[in-house]
Amino acid sequence: MPVLPRLRSKVLFLGSILGLTVLWPFAFLIFRANRIAPGEGLSLFQAVPWPAWLGLILFWGYFLLRSFAGSERIRTLELVPAALAPSCLLFIVGESATEILSQAQPYARVSMGPGVWISLIAFFILLVALYSRTGSGRGVYIPLGVGAALALWVLASGQLKDLSLVTELIQRRERFVSELVNHLWITGLSVGLSTLAGVPLGFIVFRRAWLRDKTFYILNIVQTIPSLALFGLLIAPLAMLITAVPLLKELGLRGIGWTPAIIALTLYAMLPIVRNTYAGFAAVEPELAEAGRGMGMNRVQLLFLVELPRALPILLSGLRIACVQNVGNTAVAALIGAGGLGVFIFQGLGQSALDLIMLGAVPTILLAVGVDALFQLLIRLATPRGLR
Amino acid sequence: MSVKQAQSLGKLILLPALFGLLISSTSVWEILLRPAFPHLENLVYSRAPLWELVVQHANMVAVSSTLATLVGTGLGVFVTRSRGREFLPVVNSLVSMGQTFPPVAVLAVSVPMVGFGYKPTIIALFLYGLLPIVRNTISGLESVGPEIHEAAQGMGLTAVQTLFRVEVPLALHVIMAGIRTSVVINIGTATIGATIGAGGLGVPIIAGLNSDNPAFILQGAVLSGLFAILVDAGMNRAERGAVPSAQE
Amino acid sequence: MIELQQVNKFFGDTPAVLDFSLVVEEGELCCLIGPSGCGKTTTLKMINRMIETTSGSIRVGGRGITELKPHELRRSMGYVIQSIGLFPHMTVMENICVVPRLFKWERGRAKSRAMELLELFDMPPDRFKDKYPRELSGGQAQRIGVARALAGDPDILLMDEPFGALDPISRANLQRQFLRIQSELHKTVVFVTHDVDEAVRLASRIGLMQDGRIVQADSPERMLSLPRNDFVERFIGSERSLKRLSRLRVQDAMRAASGSDSSFRGVEGSDVPASDCFSASGNPNAISSPHGKSGEEDPGPVLDSGSDLRLALALLLQHGRQRLPVRDENGRIQGELRLLDLLGV
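Residues numbered from 1 in each chain as written. Chains lettered and ligands numbered in written order. Predicted model: local features only at pLDDT ≥ 70, side-chain atom pairs only at ≥ 80, totals over all residues. Heavy atoms only, no water.

Draft legend 1. Broad picture of the domain arrangement of chain C. Residues and elements named next belong to chain C. Taken domain by domain, chain C comprises domain 1 (2–245) and domain 2 (250–344). Of the residues lining the interface, six residues belong to domain 1; the matching set on domain 2 comes to six residues. Interface of domain 1 and domain 2: buried area, both sides summed, is about 610 Å²; carbon and sulfur atoms make up 54% of it. On the domain 1 side of the contact with domain 2, Arg176, Leu242 and Leu245 bury the most area, a combined 74% of that side's loss. Linking domain 1 with domain 2 are one salt bridge, by the criterion used here. One salt bridge in this structure joins Arg310 and Asp197, with 3.3 Å as the shortest N-O distance. Across the contact surface, domain 1 and domain 2 share one residue pair in polar contact (both at pLDDT 80 or more). When residues of the side of domain 1 that touches domain 2 are assigned to their parent elements, the largest contribution, three residues, is made by helix 12 (residues 240–245). Classifying every residue of the side of domain 1 that touches domain 2 gives two nonpolar, no polar and four charged. (Domains from an automatic or database assignment. Contact = heavy atoms within 4.5 Å. Buried area = accessible area lost by both parts, 1.4 Å probe. Salt bridge = Lys/Arg side-chain N within 4 Å of Asp/Glu carboxyl O. Polar contact = N/O pair within 3.5 Å; in protein donor to acceptor, adjacent residues only side chain to side chain. Helix = DSSP H or I, 4+ residues; strand = E, 2+ residues; numbered from the N terminus. Nonpolar A, V, L, I, M, F, W, Y, C, P; charged D, E, K, R; others polar.)

The structure is reproduced here in structure tokens:
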């Protein structure tokens, strides 16, 4: 009597099933006659040549089987296809887009359909599932590194140039770069100002308990107000102030644009920065301060030799939250004329131009993820080994 | 003490009253804004009554946050049970990755997928609102120590009884904080929903920006700001009422 | 020398230390003991101005402590606390070098000082200098804590229940080690503890406090034999005769060997290997009896001349002996200790 196979790994199973949905029901690529025409979904079989879809089926089929059978331990060799798959998929997407466009009208566009996005999520789940069951040798990360390098190469080589998002980017290259720089400036400046004000405030609040509740009460309210509302609240008062004091106008301050954006974003970033500065100093064990004082450190020495190194990782993670949050809110600031990547999002929404929306949204997401990763690295570096 | 009392009095009575007044009567706005903008022709946003925008806004947030709470706590409970524990690393990494995605970008990306209007807003709000709830449910439940599990088991509680009588009460304040964060973010993101035609309190702001009417902007901004503060304060009260006193 | 004269301390209206006068001579190890809340820690912290006095004067080396800035004063004294307070983000080496760095010593000098101190505390520098505090055991961490306090070579050491959080074995080890180091360095030490045994073992003088006042300040021997009042007697406890024994060495009460005494038969002339002997400076669990040649009678353990009489009494009783042989540091039999002799001390 045949025994039902026992499911060994639910995560692997789920990932494989999710990966296989690319066959049905989700469209793989989307074809549009021009940039604002309604899209027409292309299934995997319509979009890519047979070796590609066969390969994809075999790939997911293998891991589907693998979730029922085989050893508990994932071998390094099995990691290789999983690590290389995302870049291969992107490569195929690029090839197919070029192929489809070569047979279409000049203004036609091809973009990635839900199938591609879901495949990428499935690859992510697959990799997490596989890596939670590999050995601990350093060699296991080689496939991942190669895969990441390959993905970067696919992105950088122009392989994806016929995807509509990339087409849009190429067409607006100069504007894109200037808005990206703009975005970075607004985010950087607001977080910088907020750090200058917030770190000392956090320290004061740490030393003076009576200020603590009031400060956090106010900052919490500021954080609660929707970003768009906070921008809006600043516009009219600023305009009046600038009319009343012409000097401000000469200094380059305006009722809309950068001025309210920077003010609002600086206020927004205050809560995480002040809170984490306070939490960082509060995390310094009282016996450390006592030992330091007992050894004859003065206030400044105690601060720089003991308290700050101890508080720094927590303080930096506040900065990280503030930065990630402000990258997003800077996109909203495009609505009040401050520029940044949000310009493309809202222009795109206004024109129903989906590629333009994506041109703003995708880089904003990548920027936030990148800033986050950068700060995580920084926090690791700033955490002394004794505290890890 | 008196500051606290004044604050809670303000939250309890004054702010809701002010909010109610501002959405029910246009003449209040006339009185408030006319001195500031004597030459403005349209002083009060009139294409839809303000209270209707509030209802739209509240509806979007309520629907998406309710869904997110149900799904998010369920998911959080699932991945902390022995059956679902296998999914914990995947869910954790998806959640921490997803939380770095800016809400406005998530909202924007959902348009190409679903289209304009109410539906993509709800989907984006739901997806984004899931993250803090899942994360806090997991960390709340995981913070219940092994000795407590052992004690519960030793007293003969079943797994379900342990969950509802021990783990959930202990984790409740963390879970509630996650829901509150989620709701506040959703209120903010729903404001931007006005740009994709979802209605709500962002509408006067966008209209004001487009027609260069600072009074419209102020109305939308004041109302959506007040709305967020009120909901946050209300949830704060609910949270304190729901959490066992030992946690205070 | 530390002189406290009529020192008072009030926290608000609550008195913590009242009319406190005490002189700690140079090279003396003075233990402040008393029940919790008696003001002993407050007194200690007033010496390095972690707490300021309300009235009265404290002089260190002839100078009033208010003549210096607090942090300069503190640098001139070592300070050890129960919770140790090693800086978690610094290695052992960096922790020890903090005060030398505050003194702006050059790097090489600070380092070699740290090495020296690690050696002094039997912690091989190569093994320990690059460790972080969380990688140390409690006993190791507290040894680093004491080493750190000694790094600037202060004349004065203030210790606030430094061994209080340790398990009994590491505590005994540290006490012994500390006594040895103190006998080399002759620092002026003020040592707060609530453990009478610890005070009796370490102190050259004990100041017993109650409700912020000093009740009796005397040598341990005098305090044990002549408690001033009921409180002192009760605080010291019923075993004070036993505690007195722990102040005395075997060599103080033993009888030197005179020719060939019959009682030495068991181990006479045999070169007992050190590892087979009970060493009073080691772990009591390691007691082992040297096997006599004859084998018909267990000769019992051999006492070290340097170990304390309390331990010797315990061994006499444990083995049911009237007398036990005593050896010197080189393992040579020097004489014997008789049970009856203990009554005379």
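Draft legend 2. Up close: the interface of chain A and chain C. The interface of chain A with chain C comprises 21 residues on the first partner and 27 residues on the second. Of the roughly 2,100 Å² buried where chain A meets chain C, counting both sides, 61% is carbon and sulfur surface. Among the residues of chain A in contact with chain C, Glu290, Met295 and Arg385 of chain A are the three that bury the most area, contributing 28% of the side total. Joining chain A to chain C, the criterion identifies one salt bridge. Between the two partners, chain A and chain C, sit six residue pairs in polar contact (both at pLDDT 80 or more). Elements with a contribution of two residues or more to the side of chain A that touches chain C: helix 13 (286–294) and helix 14 (299–333) of chain A. Partitioned by chemical class, the residues of the side of chain A that touches chain C number nine nonpolar, six polar and six charged.

Draft legend 3. Representation of the sheet that holds strand 3 (residues 109–112) of chain A. Residues and elements named next belong to chain A. Pairing in this open sheet of three strands is antiparallel, and the strands run 2-1-3 from one edge to the other. At either margin of the open sheet sits one strand with a lone partner, and together these are strand 2 (40–42) and strand 3. Across this sheet, the average inter-strand angle for adjacent strands is 30°, counted without regard to direction. Inspection of the sheet shows strand 1 (residues 29–32) paired to strand 2 by three bridges, in the antiparallel sense. Within the sheet, the bridge partner assigned to Leu29 lies in strand 2 and is Leu42. (Pairing = 2+ DSSP bridges. Axes fitted to C-alpha atoms, helices over the stretch in contact; angles between N-to-C directions.)

Draft legend 4. View of the environment of Met123 of chain C. Residue and element names in this part refer to chain C. Tracing the backbone shows Met123 in the loop between helix 5 (107–120) and helix 6 (125–128). Here the alpha-carbon distance between Met123 and Lys69, two residues 54 residues apart in the chain, equals 34 Å. Beyond its immediate sequence surroundings of up to four residues, Met123 is in contact with Leu118, Phe128, Gln140, Arg143 and Ile144.

Draft legend 5. Main features of the sheet that holds strand 3 (residues 29–33) of chain C. Residue and element names in this part refer to chain C. Here six strands make up an open sheet; going across it, the order is 6-7-8-3-9-10 and the pairing mixed. Each edge of the sheet is formed by a strand with only one pairing partner; in this case those strands are strand 6 (77–81) and strand 10 (213–218). Direction aside, the axes of adjacent strands within the sheet are offset by 15° on average. Across four bridges, the pairing between strand 3 and strand 9 (residues 205–210) is parallel. Counterpart to Ile33 in the pairing with strand 9 is Leu208. Across the sheet, helix 8 (residues 168–185) touches strand 3, strand 7 (156–160) and strand 8 (188–192), and the angle it forms with strand 8 is around 155°.

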